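Here is what each chain is made of, one letter per residue.
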Amino acid sequence: SSKQEAEALETELLEDYRFGKQQFIEILGHSCAMAVTKVYPLKTLPKKQPTVLIICGPEENGAIGLVCARNLRTYDYEPTIFYPKKSLDNLYKDFTIQCEKMDIPFLSYLPTEVQLINDAYNLVVDAVLGIEANSEEGKEPWATILGIMKQIKIPIISLDIPSGWDVESGNAEGINPEVLISLSAPKRCAVQFSGKHHFVAGRFLPYDIQKKFDLNLPKYSGTDCVVEI
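What counts and how
Residues numbered from 1 in each chain as written. Predicted model: local features only at pLDDT ≥ 70, side-chain atom pairs only at ≥ 80, totals over all residues. Heavy atoms only, no water. Helix = DSSP H or I, 4+ residues; strand = E, 2+ residues; numbered from the N terminus. Buried < 20%, exposed > 50% of the residue type's maximum accessible area, 1.4 Å probe, protein only. Polar contact = N/O pair within 3.5 Å; in protein donor to acceptor, adjacent residues only side chain to side chain. Contact = heavy atoms within 4.5 Å. Salt bridge = Lys/Arg side-chain N within 4 Å of Asp/Glu carboxyl O. Phe/Tyr/Trp six-rings, centres within 6.5 Å; stacked < 30°, edge-to-face > 60°. Axes fitted to C-alpha atoms, helices over the stretch in contact; angles between N-to-C directions. Parallel < 35°, antiparallel > 145°, perpendicular 65-115°, else oblique. Left-handed = near helix turned anticlockwise from the far one by under 90°. Nonpolar A, V, L, I, M, F, W, Y, C, P; charged D, E, K, R; others polar.

The name an unreviewed UniProt entry assigns to the chain is YjeF N-terminal domain-containing protein, from the organism Staurois parvus.

Set out below in structure tokens:
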């Protein structure tokens, strides 16, 4: 879907279907955590500790990252969050407090020595900019963070849109994640994704919305909230 369609879909969900913003972010963050557990089960992680670094941006994508971190914690992973520009939005503050209360550590800075990241963590979750990217792209601290993320050698899981990608046209100067988790429905740039696993987290969408926006979502199996396409 295009940026406009994605925004229209979310507006309809919140206004017409009476989904709460917190509920929407919670469902997506939980789905992202489930996708991570599918591709990288605890037993298969290469390091002794099941560490995961979650890098969160200032808007909705970052909040989804916070929820993902909290859910991973409940599944016995050891998430660490880097959240350099904490949102002043009360809703996002609540998600932050929930993570703090789960004893999830927050990094005060991202090591510029990329080897430190590769050595300390099994995975990186990119919850940086998502669909709001255009307004923040190229600004600090995101430009520096993007430069570091491009050098990371451990697997990266991107939420909705890989950082540095354009929502519509895709990868100009962005990162190359191993996993992409499309939220609600794939964005246009997803056709350029060449990593190993592409998931969609959209099972919760009411049938009429799926039909109206012509989403043609793949079939989910059993009780899965995410599906690989």
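Read on, since the account is not over.
Okay, the side chain of Glu10 next. Mapped onto the fold, Glu10 is located in helix 1 (residues 3-15). The class of Glu10 is buried, set by a relative accessible area of 16%. A polar contact of 3.0 Å, which involves the side chain of Glu10, links it to the side chain of Lys21. Discounting residues that sit within four places of it in the chain, Glu10 has contacts with Lys21, Phe24 and Glu60.

With that settled, consider the pattern of salt bridges. According to the stated counting rule, one finds nine salt bridges in the structure shown. Glu60 is paired through a salt bridge with Lys21; the nearest N and O atoms lie 2.5 Å apart. Taken together, the residues Glu60 in helix 3 (residues 60-74) and Lys21 in helix 2 (residues 21-39) connect sequence positions 39 residues apart. Given the relative accessible area of 32%, Lys21 is considered partly exposed.

What follows deals with the packing of aromatic side chains. Tallied over the entire structure, the rule returns two aromatic pairs. Where Phe19 meets Phe204, the ring centres are 6.2 Å apart and the plane angle is 55°; that geometry is what we call tilted. Here the residue Phe19 occupies a position in the loop between helix 1 and helix 2, and Phe204 occupies one in the loop between strand 9 (197-201) and helix 8 (207-212), the gap between them amounting to 185 residues. Comparing Phe19 with Phe204 shows no difference in burial state: the two are buried. Aromatic pair Phe24 and Phe204: ring centres 6.0 Å apart, planes at 65°, arrangement edge-to-face.

Running from amino to carboxyl end, helix 2 crosses helix 4 (residues 90-101) at an angle of 45°, the nearest separation of the two axes being 10 Å. When the axes of helix 2 and helix 4 are compared, the pair comes out oblique. Seen along the crossing, helix 2 lies across helix 4 with a hand that is right-handed. Note on element contacts: helix 4 touches helix 2 through Leu91, Tyr92, Phe95 and Gln98, opposite Lys21, Gln22, Ile25 and Glu26. Taken together, the residues of the contact of helix 2 with helix 4 sort by class into four nonpolar, two polar and two charged.

A cis geometry characterises the amide bond from Glu140 onward to Pro141, with omega recorded as 5°. Here Pro141 lies in the loop between helix 6 (133-136) and helix 7 (142-149). Notably, Arg18 is not glycine yet its phi reads approximately 60°, a positive angle. For Arg18, the position within the fold is in the loop between helix 1 and helix 2. Positioned with a positive phi, Asp76 is a non-glycine residue whose angle comes to about 75°. Asp76 gets classed as exposed once you look at its relative accessible area, which sits at 53%.

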